[in-house]
Amino acid sequence: MTLDRTNAMRWGTGVLAVTMLAGGGGYWLGQKGGPATTETGSAQSGRKILYWYDPMVPAEHYDNPNSLSSMGMKTVPKYADDAPMGDAMPGVSVDPAARQNLGMRVVAAEMGALPSALTVTGTIDFNQRDVAIVQARSGGFVTRVYARAPGDVIGAGAPIADLQLPEWGGAQTEFLAVKRLGKPELTAAARQRLRLMGMSDALIGEVERTGRTNGTVTIRSPIAGVIQSLDARQGVTLGAGQTLAQVSGIGTVWLNAAVPEAQAGMVRVGQSASATLTAFPGESFAGRVSAMLPAAQADSRTLTVRIELANRGGRLRPGMFAAVALGSEGGQALLVPSEAVIRTGARTLVMLALADGRYRPAEVRTGREGGGKTEVLAGLAAGEKLVASGQFLLDSEASLTGIAARPIGGGQ
């Protein structure tokens with residue numbers, strides 16, 4: 001009995017020792033469980049974690065996945081194979097969860113036409129090529145004025161004033177005397193003299209038919225338009241060549257658009273244009289660029305582009321404000337969303353989305369913009385995918401990790 005009790009005590013002591021040793025080992029393994037589990041997870045995924053970080057502040061590094069960045073964002077792992085791998089496979093890899101958090105959107109470069117290359121503002125003005133100057137061809141005085149005033153809209157042939165021209169009366173008397181001589185060559189010469197003095201064939205025919213002189217002439221507007229100035233007043237004495245009125249036509253008007261100097265290269269003579277005015281909502285007026293004035297406005301750094309518009313019904317009034325869309329007419333071009341373009345000041349980049357889940361910056365040369373699209377002239381091919389949202393964070397990560405941008409020409 002004594003021996004059995006002694007053996008039982010020895011057996012219990014051994015069990016207790018083993019139990020304590022197992023507990024101590026479990027505690028040590030438990031203390032090492034965080035990194036051990038991380039290394040195991042990394043081994044299972046086949047990727048080694050270097051540190052945790054926030055893509056919005058990539059300069060901050062953390063040593064555990066439960067850290068929060070200075071911006072209060074949950075950190076994501078930075079894998080060893082995210083670093084540059086030489087010229088064979090350059091690019092940045094982003095964890096799928098991080099891509100979702102960043103709201104990254106990938107689009108493809110595609111061929112298309114810009115809907116409108118440039119939208120500017122302008123004002124309506126008179127067509128300065130459609131102007132009539134009404135003058136007195138001979139000295140005399142005004143016997144009658146019609147109810148006219150500057151700003152009146154008149155039609156072609158509308159009377160402006162009646163003039164008494166003594167010189168015309170004397171010339172008509174000589175013409176009638178020569179005609180009575182019965183010499184056709186002298187009569188023809190006298191008739192031509194009356195024409196050179198400014199008399200119309202109708203007036204000459206009336207004098208020749210009635211045999212009476214008529215030194216009174218009605219001055220009429222040769223075109224339809226607006227009276228800009230009017231100097232004809234009853235009783236006023238006029239000299240030869242003195243201006244009675246100035247009339248500006250309104251069949252066509254000019255739209256003077258202010259184009260920024262930096263975008264002047266996008267406009268050319270003959271280019272189509274479309275104008276909209278608040279006075280006529282929902283209506284568009286089509287025209288073409290007729291001229292680009294040679295001088296720039298020093299205060300606003302703009303160039304004046306002259307667009308000629310048809311003015312049916314005289315609805316377009318000088319001084320009206322208009323929004324002008326200058327058509328591109330540039331044919332097909334390689335287009336990308338304007339938001340996908342990164343302009344650093346020294347160069348222009350886009351962030352390519354590579355087939356193996358990596359992202360790499362590429363240098364491009366851009367052209368016109370319009371409708372939220374930008375034309376790519378070089379550095380990109382149709383069908384290539386690029387990041388249109390969240391690309392700035394990827395560009396920062398690529399710069400920090402030393403990934404070189406793909407140069408224009410497609411080299412590595």
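- Per an unreviewed UniProt entry, the chain carries the name Cu(I)/Ag(I) efflux system membrane fusion protein and comes from Sphingobium fontiphilum.
- Turning to the chain, the UniProt annotation filed under Sequence similarities (unreviewed entry) states: "Belongs to the membrane fusion protein (MFP) (TC 8.A.1) family."

1. Quick word on the overall build of the chain
No. 1: Within the chain, the secondary structure is distributed over seven helices and 26 strands.
No. 2: Counting the 412 residues in the chain, one finds 37% classified as buried.
No. 3: Accessible area of the chain: about 22400 Å², with a carbon and sulfur share of 56%.

2. So, the nonpolar core
No. 1: Counting residues in each nonpolar core, the largest one holds 29 residues, and the members touching the most others are Leu163, Trp168, Met199 and Leu244.
No. 2: Of all the secondary structure elements, the ones that give two or more residues to this core are strand E11 (159-164), helix H4 (166-180), helix H5 (184-196), helix H6 (201-210), strand E12 (216-220), strand E13 (225-230) and strand E15 (243-249).
No. 3: At four residues, H4 tops the list of elements feeding residues into this core.
No. 4: Setting aside anything within four residues of it in sequence, one finds Leu244 in contact with Val134, Gln135, Ala136, Leu163, Ile219, Ser229, Leu230, Asp231, Ala232 and Leu238.
No. 5: Grouped together as the second largest cluster of nonpolar side chains are 21 residues, Leu118, Ala273, Ala275 and Val324 included.

3. Remarks on the sheet that holds strand E8 (residues 131-135)
Strand pairing within a sheet occurs via backbone hydrogen bonds; the two strands may be parallel or antiparallel.
No. 1: A sheet is described by the order of its strands in space; here four strands give the open sequence E8-E15-E13-E10, paired in antiparallel fashion. At either end of the open sheet lies a strand with only one pairing partner, and these are E8 and strand E10 (153-154).
No. 2: When E10 meets E13, the two strands line up antiparallel, connected through two bridges. The partner of Ile154 across the bridge, within E13, is Gly225.

4. Regarding the pairing of strand E1 (residues 49-54)
Both faces of the sheet carry side chains from a regular strand, because those side chains alternate between them.
No. 1: Pairing of E1 with strand E3 (residues 76-79), which is carried by four bridges, proceeds in the antiparallel orientation. When the sheet's bridge partners are listed, Tyr53 is paired in E3 with Val76.
No. 2: Strand direction decides the pairing type here: E1 and strand E2 (residues 57-62), joined by two bridges, are antiparallel. The residue of E2 that forms the bridge with Trp52 is Tyr62.

5. Topic: the pattern of salt bridges
No. 1: Tallying each qualifying case throughout the model produces eight salt bridges.
No. 2: One salt bridge connects Glu208 with Lys179, and the closest N-O pair in it is separated by 3.4 Å. Of this pair, Glu208 sits in helix H6 while Lys179 sits in helix H4; the two residues are 29 residues apart in sequence, bridging distant segments of the chain.
No. 3: Exposure remark for Glu208: the relative accessible area of 23% places this residue in the partly exposed category.
No. 4: Judged by its relative accessible area of 32%, Lys179 is partly exposed.

6. Observations regarding the packing of aromatic side chains
The description of an aromatic ring pair rests on the distance of the ring centres and on the angle between the ring planes.
No. 1: What the rule picks out here adds up to two aromatic pairs.
No. 2: With centroids separated by 6.0 Å and ring planes inclined at 75°, the aromatic side chains of Tyr51 and Tyr53 adopt a geometry described as edge-to-face. Side by side, Tyr51 and Tyr53 carry an identical accessibility label, which is buried.
No. 3: Between Phe280 and Phe285 the ring centres are 5.8 Å apart and the planes differ by 65°, which places this aromatic pair in the edge-to-face class. Note on accessibility: Phe280 and Phe285 belong to one class, buried.
No. 4: Taking the ring centre of Trp254 as reference, the NZ or CZ of Arg306 above it sits at 3.8 Å.
No. 5: When the ring centre of Phe280 is taken as reference, the NZ or CZ atom of Arg315 above it lies at 4.6 Å.

7. Considering unusual backbone geometry
No. 1: If you check the backbone angles, Arg301 has positive phi at about 55° while not being a glycine.
No. 2: Secondary-structure assignment places Arg301 in the loop between strand E18 (284-297) and strand E19 (302-310).

8. A closer look at the sheet that holds E1
No. 1: On the basis of which strands lie adjacent, the open sheet formed by three strands has the order E2-E1-E3 and antiparallel pairing. If you trace the sheet from one side to the other, it starts and ends with E2 and E3, each paired once. Strand-to-strand, the axes of this sheet are offset by a mean angle of 50°, without reference to chain direction.

9. Here we look at the environment of Val253
No. 1: In this structure, Val253 sits in strand E16 (residues 252-260).
No. 2: The spatial distance from the C-alpha of Val253 to the C-alpha of Leu309 is 5.5 Å, given a sequence separation of 56 residues.
No. 3: With near-sequence residues (within four places) excluded, Val253 lies in contact with Ile124, Asp125, Asn127, Ile307, Glu308, Leu309, Asn311 and Leu316.

Definitions and limits used
Residues numbered from 1 in each chain as written. Predicted model: local features only at pLDDT ≥ 70, side-chain atom pairs only at ≥ 80, totals over all residues. Heavy atoms only, no water. UniProt positions renumbered as here; feature names shortened; annotations may be inferred. Helix = DSSP H or I, 4+ residues; strand = E, 2+ residues; numbered from the N terminus. Buried < 20%, exposed > 50% of the residue type's maximum accessible area, 1.4 Å probe, protein only. Areas by Shrake-Rupley, 256 points an atom, 1.4 Å probe, with all protein chains shown as cover. Core = buried A, V, L, I, M, F, W, Y, C linked by side-chain atoms within 4.5 Å. Contact = heavy atoms within 4.5 Å. Pairing = 2+ DSSP bridges. Salt bridge = Lys/Arg side-chain N within 4 Å of Asp/Glu carboxyl O. Phe/Tyr/Trp six-rings, centres within 6.5 Å; stacked < 30°, edge-to-face > 60°. Lys NZ or Arg CZ within 6 Å of the ring centre and 35° of its normal. Axes fitted to C-alpha atoms, helices over the stretch in contact; angles between N-to-C directions.

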